[in-house]
Amino acid sequence: MERQHPLYRAFVAKPYVTGFFVTLVGFLFTGGFRALFTALLDDGPHEESIAAGLQQTLLAIVLLLLLWRMGWLARARVWARGHRPLTWWPVLILPAGLIPMAGLVDVDFSKTAAISASVFDFVTTGVVEELLCRGLLLTGLMIGLAGKPRATVKAVVASSVLFGLLHPSPVGFVFATVFGLSFAALTLSTNTIWIAVAVHIAFDLFTDLPDATAGKSGRWYVFVPVFFVLVSGIVAVLLARKDRLGAP
């Protein structure tokens, strides 16, 4: 089925151009959906977070349907059994990732509506960005670059840069690109996208929830989860040998 799909042929013919085009379309669809839901909510409470969560939920459904239609659910590691014992290593270093929970002391827990809206936003953000960048883009680039020298490395770097482009500010681009490298390593080494999704969601929650609910910056907490994400990626690369890294 995948060989007959136009997007498959596009990735094989021009992997980088196709990857950029898919990223651009995703970015435009995200903005359009958010504007639509914002208008529909009509200045309701926590309008921005709810609108973002709704558009991300819709886009996640679209991505899942596209991956299913192309026959890529397993190749994109959405529906695949994780490698063992590699899937155990994140559990071993998870305590280091729990340190940012100290940031929750700055969360105003009396604002339950704000917390719910923000969690909805952050959870759907983690799911849709991983489905797009570590699911569709990374898989398509690996297929398009197959047979070329360092194909997996090039696909990881290219998909991470495209992930960075979804965060247009200079600082956001750099951080997102670096995180993308780690998330890609997590996905490939464990053969499942969901560990990267979980780490992505945890990072967003611990760094942004204080600001979303209490108006306090959680940015100083960013250093511990950044360390966690980077170490996660390094460990993933060390555990996944060159041949294993590209295994479907």
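Rules behind the numbers
Residues numbered from 1 in each chain as written. Predicted model: local features only at pLDDT ≥ 70, side-chain atom pairs only at ≥ 80, totals over all residues. Heavy atoms only, no water. Phe/Tyr/Trp six-rings, centres within 6.5 Å; stacked < 30°, edge-to-face > 60°. Helix = DSSP H or I, 4+ residues; strand = E, 2+ residues; numbered from the N terminus. Buried < 20%, exposed > 50% of the residue type's maximum accessible area, 1.4 Å probe, protein only. Lys NZ or Arg CZ within 6 Å of the ring centre and 35° of its normal. Expected span 1.5 Å × (residues − 1).

Pairs of aromatic rings are described using the distance from one ring centre to the other and the angle between the two planes. Per the counting criterion, the structure on display carries five aromatic pairs. Note on Phe-163 and Phe-183: the rings are 6.5 Å apart at their centroids and 65 degrees apart in plane angle, and the pair reads as edge-to-face. Pair noted here: Phe-163 is in helix α6 (residues 151-165) and Phe-183 is in helix α7 (residues 170-190), with a separation of 20 residues, a long-range link. For the pair formed by Phe-163 and Phe-183, the shared burial category is buried. Between Phe-175 and Phe-179, the aromatic rings sit 6.1 Å apart at their centres with planes inclined by 85 degrees, giving edge-to-face as the arrangement. With Phe-175 and Phe-179 both in helix α7 and four residues apart, the pair spans about one turn of that helix. A relative accessible area of 38% places Phe-175 in the partly exposed class. Note on Phe-179: relative accessible area 6%, which makes it buried. Within the aromatic cluster, the residues linked to one another by ring pairs are Phe-163, Phe-175, Phe-179 and Phe-183. The ring of Phe-163 carries Arg-134 above its face, with NZ or CZ at 4.3 Å from the centroid.

Moving on, we get to α6. Relative to the 21 Å expected for 15 residues at 1.5 Å per residue, α6 spans 21 Å between its end C-alpha atoms, a close match to the ideal helical length. All of the buried residues in α6 are Ala-151, Thr-152, Ala-155, Val-156, Ala-158, Ser-159, Ser-160, Leu-162, Phe-163 and Gly-164.

The next subject is unusual backbone geometry. For Arg-77, which is not a glycine, the phi torsion comes out positive at approximately 65 degrees. With respect to the helices, strands and loops of the structure, Arg-77 is situated in the loop between α3 (47-70) and α4 (89-98). A positive phi angle is found at Arg-150, which is not glycine, with a value near 55 degrees. One can find Arg-150 in the loop between α5 (112-144) and α6. For Arg-150, a relative accessible area of 66% gives the class exposed.

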